[in-house]
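# Examination of the molecular architecture
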Amino acid sequence: MAALALSACSDSSTSASRVKYNMAWLPQGSQIGVIAAIDKGFYKAAGIEVEPVRGFGGIRTVNEIDQGMFEFGYGDPVAVALNRANGGGARMISVINQHWPAGLCFISGRHRLTQPADLAGLKVGGGQNSPVQALLPVWLSRNGVDPKTVQILQLNPSVIVASLIEGRIDAAECWRGNSWPQFQKEARRAGLALDWLEYGKFNLDIYGSGLVTSDKLIHDNPGLVRKFAAATLQGYHYAIDHPVEARQMLLAHFPMLDSGITDAQIHELADLMRTPDAAGGIDPGKMERTYAFIAAGYPLKGKVTPGDLYAPGFAVDDHRNTGATP
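All of the points below concern the structure found in this document.

The rules behind the values
- Residues numbered from 1 in each chain as written.
- Predicted model: local features only at pLDDT ≥ 70, side-chain atom pairs only at ≥ 80, totals over all residues.
- Heavy atoms only, no water.
- Phe/Tyr/Trp six-rings, centres within 6.5 Å; stacked < 30°, edge-to-face > 60°.
- Helix = DSSP H or I, 4+ residues; strand = E, 2+ residues; numbered from the N terminus.
- Buried < 20%, exposed > 50% of the residue type's maximum accessible area, 1.4 Å probe, protein only.
- Pairing = 2+ DSSP bridges.
- Axes fitted to C-alpha atoms, helices over the stretch in contact; angles between N-to-C directions.
- Contact = heavy atoms within 4.5 Å.
- Polar contact = N/O pair within 3.5 Å; in protein donor to acceptor, adjacent residues only side chain to side chain.

Next up on the list: the packing of aromatic side chains. Aromatic ring pairs: the centre-centre distance and the angle between the two ring planes describe each pair. Counted according to the given criterion, the structure contains eight aromatic pairs. A centroid spacing of 6.2 Å and a plane angle of 70° characterise the contact between Phe42 and Tyr238, whose relative ring orientation is edge-to-face. On the criterion of sequence distance, the pair formed by Phe42 in helix α2 (residues 42-45) and Tyr238 in helix α9 (residues 222-241) is long-range, its members being 196 residues apart. For Tyr238, a relative accessible area of 18% puts it in the buried group.

With mixed pairing, five strands are arranged side by side in an open sheet as β2-β1-β3-β10-β4. Edge positions in the sheet fall to β2 (48-53) and β4 (90-95), since each has one partner strand and no second. Each strand axis lies, on average, 30° off the axis of its neighbour in the sheet, ignoring direction. Here strand β1 (residues 17-22) pairs with strand β3 (residues 72-75) via two bridges, running parallel. Looking at β3, one finds that Asn22 is bridged to Gly73.

One turn of an α-helix holds 3.6 residues; hence residues three or four places apart share an orientation. The buried fraction of helix α4 (residues 77-85) amounts to nine of the nine residues, a majority that puts the element mostly inside the structure. Of all the residues in α4, the buried ones are Pro77, Val78, Ala79, Val80, Ala81, Leu82, Asn83, Arg84 and Ala85. Where α4 is buried, its residues contact α3 (58-66), β4, α5 (132-142), β10 (210-214), α8 (215-220) and α12 (284-297). Sitting at the amino-terminal end of α4 is Asp76, which places a side-chain oxygen 3.0 Å from the backbone nitrogen of Val78. A positive backbone phi angle near 90° is found at Gly87, which sits one or two residues after α4.

Let us look at the sheet that holds strand β8 (residues 171-175). In space, the five strands of this open sheet follow the order β7-β6-β8-β5-β9, with mixed pairing throughout. Two strands in the sheet have a free side with no partner beyond their single neighbour: β7 (151-155) and β9 (194-198). Taken pair by pair, the neighbouring strands of this sheet meet at an average axis angle of 35°, ignoring direction. Docked against the sheet, α5 engages β5 (102-107), β6 (123-127), β7, β8 and β9, running at close to 165° with respect to β7. Helix-sheet contacts for helix α7 (residues 180-189) involve β5, β8 and β9, and the interaxial angle to β9 is about 150°.

Remember that the coordinates give geometry; whether it matters functionally is a separate question.
See below:
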């Protein structure tokens, strides 16, 4: 599929810093902060011109940022840890999803999954490159469930929803702000009721996706990194405060999107961003917990430390309280 790009409607002067942003996948509600920052002029006020481009998965996105193909992108701590374990220099500068957004969807008429132990003897499906393959066994073990009692299947992402609806698997990994609304839509179409078992409610308090850049850009142009992070966070805050307008903005740029799914993704994003502290910031203790969970599932071989996953000091969003632009 051809790359999907969006030219920024911002400052076209030669003085603007032009950057490319990798959305990690096709455009969806999780990317509304970048679109809002473009449409509301937050990047323009910061002297930045941003071009969002579709991505092909989080791991590839983070690697492409490290390789200099993109200045910024949307990625999670797993992808950053794997990049650095292989000698890369990608790093998170802000967390958007303050909570890990995944869980296991299931058809409520077929199963009643209220705790991890209920998964014993069942089939769980996830994408070939999904974290479910490495991290679900760790989560099960943390909750006293032998991972060998749960059959984890690697499926093509295009067939996961159908496999769940048709009963070929008992549960599937779903992501709030991403695939959960799509699963709901297909379940309703089939006359079924969907429910889910959320990882975060059972011994899992870790970060999800956020803004990623490279060590090189942080070293060469920290001012640009700081301005991009601040303007993008301003866009996310504006979007969750104005969800109807945010949906309209996203649909105007990408009219092929489903309005109902996009609306649900934006509202779910608001829940994922909620935290007692300033959204976008990174707490060292929580990042250490995130690292420990990742290291239990992936062979990082001591090449990565918790501090390697992020750069502090770039997620400054004082505008949330003051109304100031970055």
